[in-house]
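One letter stands for each residue in the lines below.
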Amino acid sequence: MPRKIIKRYMPHPDALKRQWYLRPFNALLHDPALIFPNRRNASKALAIGLFFALLPIPFQMVAAAMVALWLRVNIPIAVGSVWLTNPVTMGPIYYAEYRLGAWLLDAPTGDWQFELSWRWLTEEAARIWEPMLAGTLVFAVVAAGLGYVILNRVWMVSVMRRYRERPHFTSLPKGLRKY
């Protein structure tokens, strides 16, 4: 089931090869591991995407794509899962990361108001970078691990459920019938 859902939204490989901005990577696009999802590949790609989604860095999608390319996992899933943090969710997620980091480091949270200016960035960012970094790393690692485990488990249960629905299920060993 997860494969069917993922493949429904995946672009066709020929469509990817025709895109002008992907032409320098055409040699890499022939590798099926980078485009076609399987359980291990998709789980790793989701973990990579979630990890980079929760880092407050610019060009998160580029970083996720490069790591996915390096590890030879599904690039569209890695890049797509980065959009967990979008302009709507970015503020609450980063604030929660800061609060978690402040709690972990036992740092005072203080009352500060966000202001989009160079002065605020230089003064306040110097004060909040340690709790933000600590919270960000914890959030990113936990989300990546949970994403990997949950997608891997959902995929396995889905495959076992489809296998169980086959007519020859009774020939399965009893230990595998529990799914």
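Residues numbered from 1 in each chain as written. Predicted model: local features only at pLDDT ≥ 70, side-chain atom pairs only at ≥ 80, totals over all residues. Heavy atoms only, no water.

### Considerations on the packing of helix α6 (residues 90–105) against helix α7 (residues 118–164)
Test applied: Angles shown run from 0 to 180 degrees and are taken between the N-to-C directions of axes, each axis being a line fitted to C-alpha atoms and, for helices, limited to the stretch in contact. In DSSP terms, a helix is any run of H or I states spanning at least four residues, a strand is any run of E spanning at least two, and both are numbered starting from the N terminus. Oblique is the label for any angle not under 35 degrees, not over 145, and not in the 65 to 115 range, which are roughly parallel, roughly antiparallel and roughly perpendicular in turn. By definition in these notes, contact holds between two residues if any of their heavy atoms fall within 4.5 Å.
In the contact formed by α6 and α7, the axes pass within 6 Å of each other and the chain directions differ by 105°. With respect to their mutual orientation, α6 and α7 come out roughly perpendicular. Along its contact with α6, which presents Tyr94, Ala96, Glu97, Tyr98, Leu100, Gly101, Ala102, Leu104 and Leu105, the element α7 presents Ile128, Glu130, Pro131, Met132, Ala134, Gly135, Thr136, Val138 and Phe139.

### Remarks on the packing of helix α3 (residues 39–53) against helix α4 (residues 60–71)
Which entries qualify depends on this criterion: Left-handed is the label given to a crossing in which the near helix is rotated counterclockwise from the far helix by less than a right angle, and right-handed is the label when the rotation is clockwise. Under the grouping applied here, Gly and all other residues not named as nonpolar or charged are polar, the nonpolar ones being Ala, Val, Leu, Ile, Met, Phe, Trp, Tyr, Cys and Pro and the charged ones Asp, Glu, Lys and Arg.
Remark: α3 packs on α4, axes separated minimally by 9 Å, with the N-to-C direction vectors making an angle of 150°. The angle between α3 and α4 falls in the class roughly antiparallel. Once α3 is placed against α4, the crossing between them reads as right-handed. Facing Ile48, Phe52 and Ala53 of α3, the residues of α4 in contact are Gln60, Ala63, Ala64, Val67, Ala68 and Leu71. When its residues are assigned to classes, the contact of α3 with α4 shows eight nonpolar, one polar and no charged.

### Observations regarding the packing of aromatic side chains
Operational definition: Working definition: rings of Phe, Tyr and Trp (its six-membered ring) pair if their centres are within 6.5 Å, and the pair is stacked with planes under 30 degrees apart, edge-to-face with planes over 60 apart, and tilted otherwise. Three labels apply to residues, based on accessible area from a 1.4 Å probe with only protein chains included: buried if under 20% of the type maximum, exposed if over 50%, partly exposed otherwise in between.
Evaluation of the coordinates by the stated rule reveals one aromatic pair. Measuring from centroid to centroid gives 5.5 Å for Phe51 and Phe52, while their planes differ by 85°, and the two rings are edge-to-face. The exposure class of Phe51 is partly exposed, given its relative accessible area of 27%.

### With respect to α4
The condition is simple: One less than the residue count of a helix, multiplied by 1.5 Å, gives the span that helix is expected to have. Throughout, the arc means the angular range of directions from the helix axis out to the C-beta atoms.
In this model, α4 (twelve residues) spans 16 Å end to end at C-alpha, consistent with the 16 Å of a helix rising 1.5 Å per residue. Among all positions of α4, only Gln60, Ala64, Ala65 and Ala68 are buried. In an axial view of α4, the angular spread of the buried residues amounts to 130°, which keeps them on one side of the axis. Where α4 terminates, the next one or two residues include Arg72, which has phi positive at roughly 60°.

### A closer look at α7
Since the α-helix advances by 3.6 residues per turn, residues separated by three or four positions end up pointing in the same direction. The cut-off we apply is this: Note on bend: at a given residue it equals the angle between the axes fitted to the 7 residues ending there and to the 7 starting there.
Over its 47 residues, α7 runs only 60 Å from end to end, short of the ideal 69 Å by more than 12%, given 1.5 Å per residue. The largest bend in α7 amounts to roughly 50° and is located at Ile128, with the proline Pro131 lying one to four residues further along.

### Topic: the nonpolar core
Formally: We call a set of buried residues a nonpolar core when its members are Ala, Val, Leu, Ile, Met, Phe, Trp, Tyr or Cys and they connect through side-chain atoms within 4.5 Å of each other.
In terms of nonpolar packing, the biggest core is built from 23 residues, with Ile48 and Phe52 touching the most fellow members. Of all the elements in the fold, those that place two or more residues in this core are α3, α4, α5 (75–81), α6 and α7. Sort the elements by how many residues they give to this core and α7 lands first, with seven residues. Those residues in contact with Phe52 that sit more than four places away from it in its chain are Ile57, Gln60, Ala63, Ala64, Val67 and Val82.

### Considering the confidence of the model for the chain
This is how it is decided: Per-residue confidence from the predictor is reported as pLDDT, which spans 0 to 100.
Mean pLDDT over the chain stands at 81; residues scoring 70 or higher make up 84%. Of all the helices and strands in the chain, helix α1 (residues 2–9) carries the lowest mean pLDDT, 70, while α3 carries the highest, 92.

### What about the environment of Pro56?
With respect to the element layout, Pro56 can be found in the loop between α3 and α4. Ignoring sequence-local partners within four residues, the contact set of Pro56 consists of Tyr94, Glu97, Met132 and Thr136.

### Let's talk about the side chain of Asn152
Tracing the backbone shows Asn152 in helix α7. Residue Asn152 is classed as buried on the basis of its relative accessible area, which comes to 13%. In this structure, Asn152 is in contact with Arg39 and Ser43, ignoring residues within four places of it in sequence.

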